[in-house]
Amino acid sequence: MNSGLFNLIASGIFQFPLMPEQASEGAARYDALFLTISALTVLFTVIVYVLVAVLAVRYRRSAKIDRSNPMTHSTILEAIWLGVPLVLGLIMFVWSATNFIKVRTMPKEGKEIFAMGKQWMWHFEHLDGIRENNELHVPVGVPIKMTMISQDVIHSMYLPAMRAQYHVVPGRYTQLQFTPTKTGEYLILCAMHCGTQHSEMVGKLIVLSETDYQKWQDNGGNRFRPSPKTMEEAGRLTFNEQGCANCHTNVDNPRAPTMLGLMDSKRTFTDGSSTIADADYVRESILNPERKITAGWENIMQSYHDQLTEEEVMHLVKYIQSLSGVKGDYEKSEFPSDPQATRKLNTTDSANREQSAGAAQFQQTPNSK
Amino acid sequence: MSDHTHHHDDEHDPVYFQYEQIDQQQETYVLGMWSFLVTEVLFFGALFMLYIIYRWKFQDDFYLVHEQLNWKLGGLNTAVLLFSSFMVAAAVHYAQKKRKTQQLICLGITLLCAFMFMMVKTKEYGDKWSHHLIPNKAFSYGEHHGGGGELGGQGEHAAVLPNGGKITLASGATNMGGEGASHDEFQYHPGNGTIAPQPREKPAFLKFLDGVFAPLDMPEKEQHGSPEHARLFLSLYFLMTGLHGVHVLVGIIVISALMILTIKKAPTITDYIPTEMVGLYWHFVDLVWIFLYPLFYLIPK
Amino acid sequence: MSSTVVETTPKVEPQVEKNYLNADHTIKSWLLTTDHKRIAVLYLISVTVMFFFGSVAAALIRYELTAPRGLLLSSEAFNKTFSAHGVFMVFFFLVLAIPATLGNFLVPIQIGARDLAFPRLNLLSWYLYTIAAVLVLISMFMGGVDAGWTFYTPLSSTYSNTQITLCLVGIFISGFSSIATGVNFVATIHKMRAPGMTWFKLPLMIWSTYATSVIVLLGTPVVAITLFLVVVERAFGFGIFSPELGGDPVLFQHLFWFYSHPAVYIMILPAMGIISELITCFSRREIFGYKFVAFSSMAIAGIGFLVWGHHMFISSQSVYQGIIFSLISFIVAVPSAVKVFNWSLTLMKGSVHFSTPMIYALGFLGLFVIGGLTGLYLASVDTDVHLTGTYFIVAHFHYVMVGGTIMAFLGGIHFWWPKMFGRMYSEFWGKLSAIIVFVGFNFTFFPQFILGYLGMPRRYHLYYFAPEWQVYHIMSTLGSSILGIGFVLPAIYLTHSLVKGRKAEANPWDARGLEWEYTSSPPITENFAKTPVFRGKVYDYDAVADAAKYEGEIEPVIEGKGRTNV
Ligand code: HEA
Ligand code: HEA
Ligand code: CUA
Ligand SMILES: [Cu+2]
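Residues numbered from 1 in each chain as written. Chains lettered and ligands numbered in written order. Predicted model: local features only at pLDDT ≥ 70, side-chain atom pairs only at ≥ 80, totals over all residues. Heavy atoms only, no water.

### Things to note about the overall build of chain B
Okay, so step 1: Looking only at helices and strands, one finds 8 helices and 0 strands in chain B.
Okay, so step 2: Reading chain B from its N terminus to its C terminus gives the helix and strand order α-α-α-α-α-α-α-α.
Okay, so step 3: For chain B, with 301 residues in total, the buried portion stands at 54%.
Okay, so step 4: In chain B, the proportion of contacts linking residues at least 24 apart, taken out of those at least 6 apart, comes to 79%.
Okay, so step 5: Total accessible area on chain B is roughly 13,400 Å²; 66% of this is exposed by carbon and sulfur atoms. (Helix = DSSP H or I, 4+ residues; strand = E, 2+ residues; numbered from the N terminus. Buried < 20%, exposed > 50% of the residue type's maximum accessible area, 1.4 Å probe, protein only. Contact = heavy atoms within 4.5 Å. Areas by Shrake-Rupley, 256 points an atom, 1.4 Å probe, with all protein chains shown as cover.)

Laid out in structure tokens, this is it:
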């Protein structure tokens, strides 16, 4: 160690970095709040130190000074130091909460990335099917939305330069967003203790310029062989291979509901409860279909708990998501009469109502594997 | 509170040295007991919290599994405990009146009730054991459907590795049956050795209970619902009733000790305060069961 | 015992020959004692042993982190080291250090009782603690645990192969030890106060011990059962928190922090009680705003139960939950602010003595303020996103736990040492070590704030990917060596004083309070020869008279070379 220390001093790189790099839109916003709180902290520390030092020295035992009639309490003073911290605290709170809501609101536009944490590596998947391990390439200036899940224990996706962090939990999807503003290489860390090699669960976030990113993408991610399938395609393949299409066809049928238009629609269950179908819901429906039985069908779908990897599930979710704009033959089922669901289908998705290539494929799937 | 201050026994001063007066000592004892019961409430409270969260999340499944529980036996136990609570209240009453014989009789009945409760619980646990419903390595649920044969399957179907690897439920255990396309695949268990799953042997010392409680046995229910959630439900069931059972055992010990000391006229038992504290404890044990019974046995559809 | 109440004059009694220490000399008389003072001594020895184990682990952590690739441990061993450090320090040292030693010793004496309400329960609690500590030590020597002191599932329940089961059983048992002490304190403080000792004449040490006991009673059972669930999950595969079974691993965190956030107040409130005593005594005046200080303890205890979610801002709880927990966390900081300013103003018009305990108390103020204020970065939900799981947290909690609680603990030990053992220690060494601790502490942990902001995650063994962090790690390690010296010194000169120290008078600090004015040093087994009646007011000091007396003492007294020196 001492030689290391010596080298460090000798080579003159004994620097004292004080701030992590600011490389995202949120970072500046973050640092503004951080530095304000720091200023307050310094202010109050100084107040207390000065107060204590002055009083202690002034009234030290040997000082000749008037000590008569000490104040034993003062409601006004106490109200002040009850009120001032409270008000300052509330100001900080409002500021912080506003920032937090921004941080936690996922962008509508932008690039979507799937991330999976496992002991002890990060696995990323782009929509176009490019996969990366412990390395993530993103274009600069584009909002990035990351959907994450863990295969084993809890991890935490931590991007210090982006001031972004969120836990990666087994059994449910969590999300994270940031918009990189500077090209360069940044750290991806795991900031939740996850076992032996927790400190080696480290990756690189590579922010590329628009053109570089395009080049990288066209290369199929440089070092990996060009991926034949996008996530959607991979999902469709799994869908067929697993025989999902045996039951789920392009229309609601007596066996099973269709997947068309499923995402973001309102689902009503046999126990009367309902939910809006999101990624977590679809994941659960695949892995544990018996938990929520859609009204109108029997509980005949088996659990794919052990048959599918998290990655395949992710593909399936993505695939089913891609079918959300596609309208099937809804007349036969119960739920489209629900006004909310209909409105969703009719308005938000009207733009891409045309059947996508995926859906065309989908219709001819039965027994075509 | 009555004035015992200088009621001296022959051999021993009933006031411990740290107290000034007997009143102070008694009040302190009761306050200490209440503080202890507060911690007990929170102890169970955390588990009730878990139960409520999971019950809310998995309504249907919990309903389906709860049919595996024997509400008749549970109801019997509720009655037994309620009665015992009444008896212990009477014991406190007689202790205050210094009517020792009646007090001992009431305590004796309480003790009997406690034993009765434990016997019924043992019978219940034994039944769960033979049906593989104890969420340990041999746990199995929902593997079998329709009539005929016993519930349950072979241990290896649901292997749990507490330290290494995941808790995985083998495919067989997760099949829900029904009329789906995959129905046939799960009719038999290739490579299993046995065709029809056998009930597990109940430990011999439990068997005698079956005869005793024969009229209270329930017809077996066809099972549905997710085996994982069944497992969750049963885990909670065993944890909470088990913890309650431990409290009943402690109660048995404490009541017996109280009776022995009362009979032997021990100097520490000269007034009614020990009886009152045992009573408080026993009421608490009873109260917990009053919550457990409807939560586990009487889930409404 | 006579039950008649006799008033004794507040006058120093002549040094009695018999006291609780020499009442009986057999080992058995110690191991089977029900005397709260002896149990306090037993506890003092036990927690010191556990602190030693925890410190050795800390030293290993610091040494290891001086190089980006580590120096002598494997990753696995490193994980076990910081887990052991956290477990020893939190569960076996800090949550009970003050209540079980100084609290045990002082609660009956300060309120004028002969013992705690349930002396045998008190002894039982020490045995439970010892059994628990032995179990945990065994688990550490049989291979250790690697899940951190927080034991998050599913790492702790399903994935870790270490001795977690045994360790958790140990912690579970130690929970009952805390509960026993808590029950004892609550009953004692409610029912055994001397005549005249009304609630608002209680020393503030008693108020904060009372608040602490309430938290212990409400919180400990929850964490006990939570950790027990992990044990059951590991041992039998029950699986309450397994995502594979539809269980929710994050639920564990809720239950854990429901206790463990209040637990941080279990650690700081007794310290705050000590500080109130020290500042009043060494300023020779009444505390500023007694009721505010007393009620703020209760407020901290109450509100402290509503903020647990601030440890889980990014754990997948909803945005609204996060915002609400953030709001309440800001509110819980206010009573602490009240205390800090009330202490500061207590110096005004006082007659300030810079004795060893006072230096520790001033050190406490300086460090706790920084620790508390940095808690606000974390209470603020947005800033926490980048800081959680980093060294910023590590720095924050060492500032409050070491800079706060341990400073106060040491201050309290020095203050009551003459009362406990009847001997004076060397003022010179006392002051020196207080200053070393203060300096060493800042050196150790201030750089960690910067490290955390830069993005160094906690529980990291290696940081080769960011070598620029090394300089701060080196500072921190150097600082911890200084700090280590600061901690070893008191161990030496305090032990030394037991043999060689000057005999202490009954009231060497000329302090107020039943323990100083009505008992000998050390007290007799019954504490008081006759049950005291409390007449005057609490903290009945007179600064003017004190300063006048000082002027009367002709020789130029070097600070500390006064009445209290060896
Ligand atoms: C003795 C222990 C102790 C104490 C007293 C505190 C006190 C506080 N703590 Fe700390 N904390 C811990 C021990 C402690 N903490 C530990 C061990 C952890 C980490 C656990 C782990 O993950 O391993 C932790 C983690 C922790 C977190 C979680 C961070 C994370 O994991 O992401 C948060 C978040 O809100 C927090 C906040 C606070 C706050 C607001 C206070 C407040 O009570 C502080 C109040 C004090 C002041 C504010 C200073 C005095 C006031 C003034 C000088 C007046 C000016 C004030 C204002 C303007 C408001 N703490
Ligand atoms: C009471 C609580 C307490 C106390 C007193 C301390 C004391 C110290 N802690 Fe502690 N610390 C925690 C509670 C505490 N800690 C907790 C709860 C954690 C979190 C654990 C987790 O993540 O699960 C933690 C984590 C933690 C870390 C982060 C580890 C990581 O995340 O990877 C570090 C790193 O610097 C650290 C350092 C220190 C140091 C330098 C001291 C110093 O104050 C210690 C000073 C003492 C000495 C330096 C030793 C004195 C010398 C001897 C006794 C002689 C024997 C020595 C030898 C033979 C070598 N601690
Ligand atoms: Cu993954 Cu830490
Ligand atoms: Cu907290």
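### A few points about the coordination of the copper ion (ligand 4)
Residues and elements named next belong to chain C.
Okay, so step 1: The copper ion (ligand 4) binds to the protein through His261 (ND1), His310 (NE2) and His311 (NE2); the donor distances cover 1.8 to 2.1 Å.
Okay, so step 2: All donors of the copper ion (ligand 4) belong to a single chain; written as a sequence motif, their spacing is H-x48-H-H.
Okay, so step 3: Separating the copper ion (ligand 4) from the iron atom of ligand 1 is a gap of 4.6 Å.
Okay, so step 4: Judged by its relative accessible area of 27%, His311 is partly exposed. (Donors = N, O, S within 2.8 Å, 3.2 Å for Na, K, Ca; no water.)

### A closer look at the sheet that holds strand β6 (residues 155-159) of chain A
Residues and elements named next belong to chain A.
Okay, so step 1: Taken in spatial order, the 5 strands line up as β4-β10-β9-β6-β7 in an open sheet, and their pairing is mixed. Either end of the sheet is taken by a strand with one partner, and the two such strands are β4 (135-139) and β7 (164-168). Each strand axis lies, on average, 20° off the axis of its neighbour in the sheet, ignoring direction.
Okay, so step 2: One ladder, built from 5 bridges, connects strand β9 (residues 184-190) with strand β10 (residues 203-208); its direction is antiparallel. Looking at β10, one finds that Leu187 is bridged to Lys204. (Pairing = 2+ DSSP bridges. Axes fitted to C-alpha atoms, helices over the stretch in contact; angles between N-to-C directions.)

### Digging into the site of ligand 2
Residues and elements named next belong to chain C.
Okay, so step 1: Within the structure, ligand 2 sits among 35 residues, and Arg62, His85, Trp149, His398 and Arg459 are positioned closest to it.
Okay, so step 2: Take Arg62: an N or O atom from its side chain is 2.6 Å from an oxygen atom of ligand 2.
Okay, so step 3: Between ligand 2 and Arg459 there is a distance of 2.6 Å, counted from an oxygen atom to a backbone nitrogen or oxygen.
Okay, so step 4: Elements supplying a minimum of two residues to the shell around ligand 2: α2 (36-64), α3 (75-111), α13 (391-421), α14 (427-454) and α15 (470-500).
Okay, so step 5: At 8 residues, the largest contribution of residues to the shell around ligand 2 is made by α2.
Okay, so step 6: Residues that form the shell around ligand 2 fall into these classes: 23 nonpolar, 9 polar and 3 charged. (Near = heavy atom within 4 Å. Polar contact = N/O pair within 3.5 Å; in protein donor to acceptor, adjacent residues only side chain to side chain. Nonpolar A, V, L, I, M, F, W, Y, C, P; charged D, E, K, R; others polar.)

### Quick look at helix α7 (residues 204-236) of chain C
Residues and elements named next belong to chain C.
Okay, so step 1: With 33 residues, α7 extends 47 Å between its outermost C-alpha atoms, agreeing within 8% with the 48 Å of an ideal straight helix rising 1.5 Å per residue.
Okay, so step 2: At Gly219, α7 shows its largest bend, some 35°, and a proline, Pro221, comes one to four positions later.
Okay, so step 3: When you tally the buried positions in α7, you get 28 out of 33 residues, the bulk of the element.
Okay, so step 4: Within two residues after α7, Gly237 carries a phi angle of roughly 75°, on the positive side. (Expected span 1.5 Å × (residues − 1). Bend = angle between axes of the 7 residues up to and from the residue.)

### Quick word on the coordination of the iron atom of ligand 2
Each pair of donors in an ideal four-coordinate tetrahedral metal site encloses 109.5 degrees, whereas pairs in an ideal six-coordinate octahedral site enclose 90 or 180 degrees.
Residue and element names in this part refer to chain C.
Okay, so step 1: For the iron atom of ligand 2, every protein donor is listed as His85 (NE2) and His398 (NE2), and the spread of their distances is 2.0 Å.
Okay, so step 2: For the iron atom of ligand 2, the 6 donor atoms in the first shell make angles of 85 to 179° at the metal, a pattern classed as octahedral. Placement of the pair is His85 in helix α3 and His398 in helix α13, with a sequence separation of 313 residues. Each member of the pair His85 and His398 is classed as buried. (Tetrahedral: all angles 85-135°; square planar, octahedral: opposite > 155°, others 65-115°.)

### Let's talk about the site of ligand 1
Okay, so step 1: Taken together, 30 residues form the shell around ligand 1, and within it Tyr265, Asp384, Thr388, His396 and Arg458 of chain C come nearest.
Okay, so step 2: Bordering ligand 1 are residues originating from chains A and C.
Okay, so step 3: The contact in question runs from an oxygen atom of ligand 1 to an N or O atom on the backbone of Leu378 of chain C, over 3.2 Å.
Okay, so step 4: Within the side chain of Arg458 of chain C, one N or O atom sits 2.7 Å away from an oxygen atom of ligand 1.
Okay, so step 5: Counting only elements with at least two residues in the shell around ligand 1, the list comes to α8 (249-283), α10 (319-346), α11 (356-379) and α13 of chain C.
Okay, so step 6: When its residues are assigned to classes, the shell around ligand 1 shows 20 nonpolar, 8 polar and 2 charged.

### Notes on the interface of chain C and chain A
Okay, so step 1: Facing 104 residues of chain C, the contacting portion of chain A comprises 91 residues.
Okay, so step 2: Buried surface at the junction of chain C and chain A, both sides included, amounts to about 8,500 Å², of which 71% is carbon and sulfur.
Okay, so step 3: On the surface where chain C and chain A come into contact, there are 2 salt bridges.
Okay, so step 4: Note that Arg61 of chain A is salt-bridged to Asp546 of chain C, the shortest N-O span being 3.2 Å.
Okay, so step 5: At the surface where chain C touches chain A, the tally comes to 34 residue pairs in polar contact (both at pLDDT 80 or more).
Okay, so step 6: It is α10 of chain C that provides the largest number of residues to the side of chain C that touches chain A, a total of 14 residues.
Okay, so step 7: Its residues assigned to classes, the side of chain C that touches chain A shows 62 nonpolar, 28 polar and 14 charged. (Buried area = accessible area lost by both parts, 1.4 Å probe. Salt bridge = Lys/Arg side-chain N within 4 Å of Asp/Glu carboxyl O.)

### With respect to the packing of aromatic side chains
Okay, so step 1: Considering all chains together, one arrives at 73 aromatic pairs over all chains under this definition.
Okay, so step 2: The interplanar angle of 65° and the centroid separation of 6.1 Å between the aromatic rings of Phe52 of chain C and Phe53 of chain C together place this pair among those described as edge-to-face.
Okay, so step 3: Between Phe415 of chain C and Trp509 of chain C, the aromatic rings sit 6.0 Å apart at their centres with planes inclined by 25°, giving stacked as the arrangement. Here Trp509 of chain C lies in the loop between α15 and α16 (514-517) and Phe415 of chain C lies in helix α13, a separation of 94 residues in the sequence.
Okay, so step 4: A relative accessible area of 5% places Trp509 of chain C in the buried class.
Okay, so step 5: One aromatic cluster is present, built from ring pairs that chain together Tyr30 and Phe34 of chain A together with Tyr377, Phe392, Tyr399, Phe441, Phe445, Phe446, Phe449 and Tyr453 of chain C.
Okay, so step 6: Across from the ring centre of Tyr173 of chain A, 5.8 Å away, lies the NZ or CZ of Arg283 of chain A, which sits over that ring. (Phe/Tyr/Trp six-rings, centres within 6.5 Å; stacked < 30°, edge-to-face > 60°. Lys NZ or Arg CZ within 6 Å of the ring centre and 35° of its normal.)

### Quick notes on the state of the cysteines
All names here are of chain B.
Okay, so step 1: Taken as a whole, this structure holds 0 disulfides over all chains when the rule is applied.
Okay, so step 2: The thiol of Cys106 is not disulfide-bonded; the next cysteine sulfur, from Cys113, is found 11 Å away.
Okay, so step 3: By relative accessible area, which is 8% here, Cys106 ends up buried. (Disulfide = S-S within 2.5 Å.)

### Thoughts on the packing of α14 of chain C against α15 of chain C
Residue and element names in this part refer to chain C.
Okay, so step 1: In contact at an axis separation of 8 Å, α14 and α15 are set at 155° when each is read in the N-to-C sense. As far as their axial angle goes, α15 and α14 are roughly antiparallel. Note on packing geometry: the crossing formed by α14 with α15 is left-handed.
Okay, so step 2: Here the residues of the contact of α14 with α15 are counted per class, giving 18 nonpolar, 10 polar and no charged. (Parallel < 35°, antiparallel > 145°, perpendicular 65-115°, else oblique. Left-handed = near helix turned anticlockwise from the far one by under 90°.)

### Here we look at helix α9 (residues 290-303) of chain C
Residue and element names in this part refer to chain C.
Okay, so step 1: For α9, with 14 residues, the first-to-last C-alpha span of 20 Å sits near the 20 Å given by 1.5 Å per residue.
Okay, so step 2: Looking only at α9, the buried set comprises Tyr290, Val293, Ala294, Ser296, Ser297, Ile300 and Ala301. Each buried residue of α9 lies within a common arc of 160° when the element is viewed along its axis, so the set occupies one face.
Okay, so step 3: On its buried face, α9 is in contact with α7, α8 and α10. (Arc of directions from axis to C-beta.)

### Some points on the packing of helix α1 (residues 22-57) of chain B against helix α8 (residues 273-297) of chain B
Okay, so step 1: Following both chains from N to C, one finds α1 of chain B and α8 of chain B inclined at 10°, their axes separated by 10 Å at the closest point. In this view, α1 of chain B runs roughly parallel relative to α8 of chain B, as classed from their interaxial angle.

### Some remarks on the pairing of β10 of chain A
Residue and element names in this part refer to chain A.
Okay, so step 1: The element β10 is extensively covered by neighbouring structure, given that 5 of its 6 residues are classed as buried.
Okay, so step 2: The pairing of β4 with β10 spans 5 bridges and is classified as parallel. Directly across from His137, in β10, lies its bridge partner Ile206.

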